[in-house]
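Listed below, chain by chain, are the residues.
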Amino acid sequence: MRDPGVYAEQLWAALKAGDETRAATAVLDAVEGGVSSEAVLLDVIAATQTRVGTEWAANRLTVVQEHAITALNDRMIDVLSAHRPRCAPHRLRVVVACVDGEWHAMPARMLTEMLSQHGFDVEYLGAQLPTPRLISHIHRTGPELVALSGSLSTRLPAAHAAITACQTAGVPVLVGGAAFGADGRYAYRVGADLWAPDARSAISLLTSGTPLPSPAGSSTGLGHLSDQEYTMVARSTAGLVGSVFAAVERLFPAGYSALDRERFADELVHLVEFLGAALYVDDAGLFTDFVSWTAEVMSAREISAELLDETVGALTDQLRDFPRARGFLDGARRQLVGL
Amino acid sequence: MEFAARYQPAGDGEQVGGDFYDVHPLPSGTGGGSLVVLGDVCGKGMAAAVLTGKVRTTLQALLPLIDDHLRVLTMLNNALINSHHDRFVTLVLASAVPVAEGVRLSVTCAGHPPPLIVRRDGTVTMAETGGTLIGMLPEIRATTAEVLLAPGDTCLLYTDGATESHGGPLGREMFGEERLQRTLSACAGMPAEAVVEHVHMVVSRWVGAREHDDTALVAVTAPLHPRNLRTEETRDA
Ligand code: B12
């Protein structure tokens, strides 16, 4: 058997060219070359998704190419799924869904394929499913477990709502994905019953023989929400974005087009949303990680570091009366100086 | 040829809206193509849902005549007028047939915003078609545009939920036709699925947590890399 990395390279070249036939050939070559279905999924296909992230950050791919490669990889999972040994479902009945408002469907799709490779009776509901629809689906079909995928930490409040609603319907919730932090720290904050760092660990967890926990239905440690900082920030996003935009406009690079300005404003929305999520789970690291990543992204696009620093500063001015928010913002600014 | 579609219901998705789309195979003898129908029935709730159902089934029944879009629209108009609905519908019909050079499209709008065409180089144009809405007046008129999609070109059919949504980073601007064209221009050369996903995402972010109208999007794409046999076998497996 050849190293899956070789096929990942072959697949990557085809994906970048937008060539579905060549991409499918890479996947089938890997299968025929003796790479296990699980490794084709995680070490070939998922590996190229990770690469999408680094290439985009480095400004070597556009957002639309991200969508396009992800759409092709979605079909590559169909190709793999059609060419692997069938496995009759003999384990838990699981519903896989994304957090309401989540755009990253691929991680949930991969988890679904993994679960079905291992004999789980699994149903995938995709992204863009409003929580009320997820809940009525659960009432109708009565799964034993809900597996909830989240990539965007900004959707943690929505994840909390979905988890609570599933638990109220009597079903325990397993969560995973980048949204919950590399060590799953935010998963338990928003009340998840179980968390796994990746699909392989999720399988070990669910096949270990330990019975599923009964749905807990209470999150631990969200007492800080009573200071209303999260609510205030979430409610005044448009106002905050407007004020910060006006304060830093003078720093825009020469030749910044109307479209660039609009994109910048959209990035400001993300910034405020990440601050809101950090306030929700009371974790400075959540915000700092996003700011550091943004700094990297901006530097790859040759936008001066001053702009981001002043932006965070202007947001601090707006939130002077919010001690937790101010603490997170000051921390992020110190981190930026250190970069 | 590739198709991809998205439907975003209004509110939390519990209420039935008036936007819809269908893709039907064209009757045999027309070269293995498909008919895309996308429409918007005015209003919401039960009465709108009933009319939507009627429009969809009537068009399906009229498929054998679809070579002549104006004739089909006229018959649909008569059917609606005779059933005394006090609502109307705006529609786009697009017959798409794969040919050696790409995809041949015949597009007809009836009171609906014309579909946008994005070429592989990023140029965006509006299909040159227009006509009266259906279900209001005893006589209708409509013109059909003939468009050739070369490999890498996409035609996007959409409802005004996309362009008339209000929001944006500062919260009060309308998304508008021009922004849709710019968004689409960035999708040049992309597969249909990526085009609808991207447009849907940009529009949704524009609306944010605010109340949005229902929206339907359908993309027809002439792929840059046609699938070969090995992939086709895979898909059928
Ligand atoms: C492709 C991609 C996109 C595509 C998604 C297209 C699609 N249809 O899915 C698009 C272009 C839409 C996109 C957009 C954005 N993205 Co993006 N995206 C990615 C990227 C590169 C790959 C995602 C992916 O497919 N991963 C493949 C899977 C296999 O990996 P995975 O997530 O680690 O999943 C594994 C485990 O987590 C686990 N798992 C996953 N789900 C679950 C669930 C359960 C129950 C369990 C047990 C396990 C589990 O199993 C999987 C297999 O082992 C990631 C970076 C990355 N390296 O992942 C960023 C990433 C997810 N995006 C990110 C961001 C910030 C964004 C944007 C906000 C960027 C922007 N400024 O516009 C937007 C958001 C959309 C919007 N406008 O609101 C961040 C999220 C950070 C965070 N934690 O909040 C990431 C992590 C990049 C980063 N910062 O490093 N993105």
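Per chain, the residues get numbers from 1 upward, laid out in the order the sequence is written. As they are written, the chains are lettered A onward and the ligands numbered 1 onward, keeping that order. Reporting in this predicted model follows two pLDDT cut-offs: at least 70 for local features of residues, and 80 or more for side-chain atom pairs to be given and counted; totals over whole chains, interfaces and linings ignore these cut-offs and use all residues. Water and hydrogen atoms play no part in the side-chain values, which are based on all heavy atoms of the structure.

**Brief notes about the overall build of chain B**
For step 1, the next point in the chain: Helix and strand counts for chain B come out as five helices and 13 strands.
For step 2, the next point in the chain: Throughout, radius of gyration means the C-alpha value; the globule benchmark is 2.2 Å times the number of residues raised to the power 0.38. Taken over the C-alpha trace, chain B has a radius of gyration of 18 Å; the compact-globule value for 237 residues is 18 Å, and the two agree within 12%.
For step 3, the next point in the chain: Counting only residues that meet the buried cut, chain B has 52% of its 237 residues in that class.
For step 4, the next point in the chain: As displayed, chain B offers around 10200 Å² of accessible surface, 54% of which is attributable to carbon and sulfur atoms.
For step 5, the next point in the chain: Charged side chains of chain B number 18 positive and 28 negative; the gap between the two group centres comes to 3 Å. Helix and strand assignments follow DSSP, with helices taken as H or I runs no shorter than four residues and strands as E runs no shorter than two, numbered in order from the N terminus. Note on classification: 1.4 Å probe, protein chains only; a residue is buried when its accessible area is under 20% of the maximum for its type, exposed when over 50%, partly exposed between these limits. Areas reported as accessible are Shrake-Rupley estimates using a 1.4 Å probe. Residue values count occlusion only from the protein chains shown. Residues counted as positive are Lys and Arg, residues counted as negative are Asp and Glu, and His and the chain ends are not counted. Working definition for charges: the position is that of NZ of Lys, CZ of Arg, CG of Asp or CD of Glu.

**Comments concerning the side chain of E2 of chain B**
For step 1, the next point in the chain: Tracing the backbone through its elements, the reader meets E2 of chain B in strand β1 (residues 2–8).
For step 2, the next point in the chain: Judged by its relative accessible area of 12%, E2 of chain B is buried.
For step 3, the next point in the chain: Whenever two N or O atoms come within 3.5 Å, that pair is a polar contact, provided that in protein one can donate a hydrogen and the other can accept it, and provided that, for residues adjacent in sequence, both atoms are side-chain atoms. Polar contacts involving the side chain of E2 of chain B include one to the main-chain amide nitrogen of A192 of chain B, which spans 2.9 Å.
For step 4, the next point in the chain: Two residues qualify as a contact provided that any one of their heavy atoms is within 4.5 Å of a heavy atom in the partner residue. In this structure, E2 of chain B is in contact with R75 of chain A together with P191, A192, A219, V220, T221 and P223 of chain B, ignoring residues within four places of it in sequence.

**Some points on the interface of chain B and chain A**
Interface size, as often reported, equals the accessible area lost upon joining of the parts.
For step 1, the next point in the chain: In this complex, chain B contributes 32 residues to the contact, which on the side of chain A involves 36 residues.
For step 2, the next point in the chain: The buried area of a pairing is the accessible area, by a 1.4 Å probe, that goes missing from both parts when the two are put together, added over both. Across the chain B/chain A interface, buried area totals approximately 2900 Å², and carbon plus sulfur atoms make up 60% of it.
For step 3, the next point in the chain: Put simply, a salt bridge is a Lys or Arg side-chain nitrogen that is within 4 Å of an Asp or Glu carboxyl oxygen. At the junction of chain B with chain A, the criterion picks out five salt bridges.
For step 4, the next point in the chain: For E262 of chain A, the salt bridge identified is with R179 of chain B, shortest N-O distance 2.6 Å.
For step 5, the next point in the chain: Joining chain B to chain A, the criterion identifies six residue pairs in polar contact (both at pLDDT 80 or more).
For step 6, the next point in the chain: Looking at the side of chain B that touches chain A, the elements that each hand over two or more residues are α3 (176–185), α4 (192–207) and α5 (229–236) of chain B.
For step 7, the next point in the chain: If one sorts the elements of the side of chain B that touches chain A by residue count, α4 of chain B sits on top with nine residues.

**Quick notes on the nonpolar core**
Residue and element names in this part refer to chain A.
For step 1, the next point in the chain: For this analysis, a nonpolar core means a set of buried residues of the types Ala, Val, Leu, Ile, Met, Phe, Trp, Tyr and Cys, connected via side-chain atoms within 4.5 Å. Ranked by size, the top nonpolar core spans 66 residues in total, and within it L148, V175, F180, L275, F287, L315 and L319 carry the most contacts.
For step 2, the next point in the chain: Counting residues per element, this core draws most heavily on helix α12 (residues 258–281), which supplies 13 residues.
For step 3, the next point in the chain: Looking at which domains feed residues into this core, each of domain 2 (87–221) and domain 3 (224–338) supplies at least three.
For step 4, the next point in the chain: Once residues within four sequence positions are removed from consideration, L319 is found in contact with V233, L240, L275, A325, R326 and L329.
For step 5, the next point in the chain: I45, L80, A108 and L145 belong to the second-largest nonpolar core, a separate cluster that totals 48 residues. Boundaries between domains were set according to an automatic or database domain assignment.

**Some words on the sheet that holds β1 of chain B**
All names here are of chain B.
For step 1, the next point in the chain: At least two bridges found by DSSP between two strands is the condition for calling them paired. Across the sheet, five strands lie side by side as β1-β13-β10-β6-β7; this open sheet has antiparallel pairing. Only two strands of the sheet have a single neighbouring strand rather than two, namely β1 and β7 (124–126). Sheet twist, expressed as the mean angle between neighbouring strand axes with direction ignored, is 20 degrees.
For step 2, the next point in the chain: Sheet topology note: the strand β6 (residues 116–118)/β7 ladder contains three bridges and is antiparallel. When the bridges of β7 are listed, V118 appears paired with V124.
For step 3, the next point in the chain: Here α3 sits on the sheet and contacts β6, β7 and β10 (154–158); the angle it forms with β6, its principal contact strand, is near 30 degrees. Simply put, an axis is a line fit to the C-alpha atoms, just over the touching stretch for a helix, and the angle between two N-to-C directions goes from 0 to 180 degrees.

**Observations regarding the sheet that holds strand β1 (residues 93–98) of chain A**
Residue and element names in this part refer to chain A.
For step 1, the next point in the chain: In space, the five strands of this open sheet follow the order β2-β1-β3-β4-β5, with parallel pairing throughout. The open sheet has two edge strands with one neighbour each: β2 (121–124) and β5 (194–195).
For step 2, the next point in the chain: Strand direction decides the pairing type here: β1 and strand β3 (residues 145–149), joined by five bridges, are parallel. By the bridge assignment, V95 is partnered in β3 with V146.

**Observations concerning helix α5 (residues 106–117) of chain A**
All names here are of chain A.
For step 1, the next point in the chain: For α5, with 12 residues, the first-to-last C-alpha span of 16 Å sits near the 16 Å given by 1.5 Å per residue.
For step 2, the next point in the chain: With 11 of its 12 residues buried, α5 lies for the most part within the structure.
For step 3, the next point in the chain: Inspection of α5 places M106, A108, R109, M110, L111, T112, E113, M114, L115, S116 and Q117 among the buried residues, and these make up the whole buried set.
For step 4, the next point in the chain: Contact partners of the buried residues in α5: α3 (37–57), α4 (63–82), β1, β2, β3 and α9 (199–207).
For step 5, the next point in the chain: Just beyond α5, the residue with positive phi is G119, at close to 85 degrees. Take the number of residues in a helix, subtract one, and multiply by 1.5 Å to get its expected span.

**Regarding the domain arrangement of chain A**
Residue and element names in this part refer to chain A.
For step 1, the next point in the chain: Segmentation of chain A into domains returns domain 1 (1–85), domain 2 (87–221) and domain 3 (224–338).
For step 2, the next point in the chain: Using only C-alpha atoms to locate each centre, domain 1 and domain 3 end up separated by 34 Å.
For step 3, the next point in the chain: Contacts between the two partners involve four residues from domain 1, matched on the other side by four residues from domain 3.
For step 4, the next point in the chain: Interface area for domain 1 against domain 3, summed over the two sides, is near 410 Å², with a carbon-plus-sulfur share of 54%.
For step 5, the next point in the chain: Sorting the residues of domain 1 by area buried against domain 3 places W56, A57 and N59 first, and these three jointly supply 93% of that buried surface.
For step 6, the next point in the chain: The interface formed by domain 1 and domain 3 contains zero salt bridges.
For step 7, the next point in the chain: The tally of links between domain 1 and domain 3 comes to two residue pairs in polar contact (both at pLDDT 80 or more).
For step 8, the next point in the chain: Classifying every residue of the side of domain 1 that touches domain 3 gives three nonpolar, one polar and no charged. All residues other than Ala, Val, Leu, Ile, Met, Phe, Trp, Tyr, Cys, Pro, Asp, Glu, Lys and Arg, Gly among them, are scored as polar; the first ten of these are nonpolar and the last four charged.

**Some words on the site of the ligand**
For step 1, the next point in the chain: Close contacts around the ligand come from 39 residues, with Q49, H104, S149 and S153 of chain A together with E197 of chain B the closest.
For step 2, the next point in the chain: Residues are counted as near a molecule or strand when any one of their heavy atoms sits within 4 Å of it. Near the ligand, residues from chains A and B are present, making the site a shared one.
For step 3, the next point in the chain: H104 of chain A has a polar side-chain atom sitting 2.7 Å from a nitrogen atom of the ligand.
For step 4, the next point in the chain: At a separation of 3.1 Å, an oxygen atom of the ligand approaches a polar backbone atom of A105 of chain A.
For step 5, the next point in the chain: Sorting the residues of the shell around the ligand by element identifies α3, α4, α5, β3, β4 (173–176), α9 and α12 of chain A together with α4 of chain B as the ones contributing at least two each.
For step 6, the next point in the chain: Per element, the largest residue contribution to the shell around the ligand is five residues, and it comes from α3 of chain A.
For step 7, the next point in the chain: Its residues assigned to classes, the shell around the ligand comprises 22 nonpolar, 12 polar and five charged.

**Some words on the pairing of β4 of chain A**
Residue and element names in this part refer to chain A.
For step 1, the next point in the chain: Burial of β4 is two-sided: the residues V173 and V175 facing one way and the residues L174 and G176 facing the other way are all buried.
For step 2, the next point in the chain: Sheet topology note: the β4/β5 ladder contains two bridges and is parallel. Paired with L174 across the bridge in β5 is L194.

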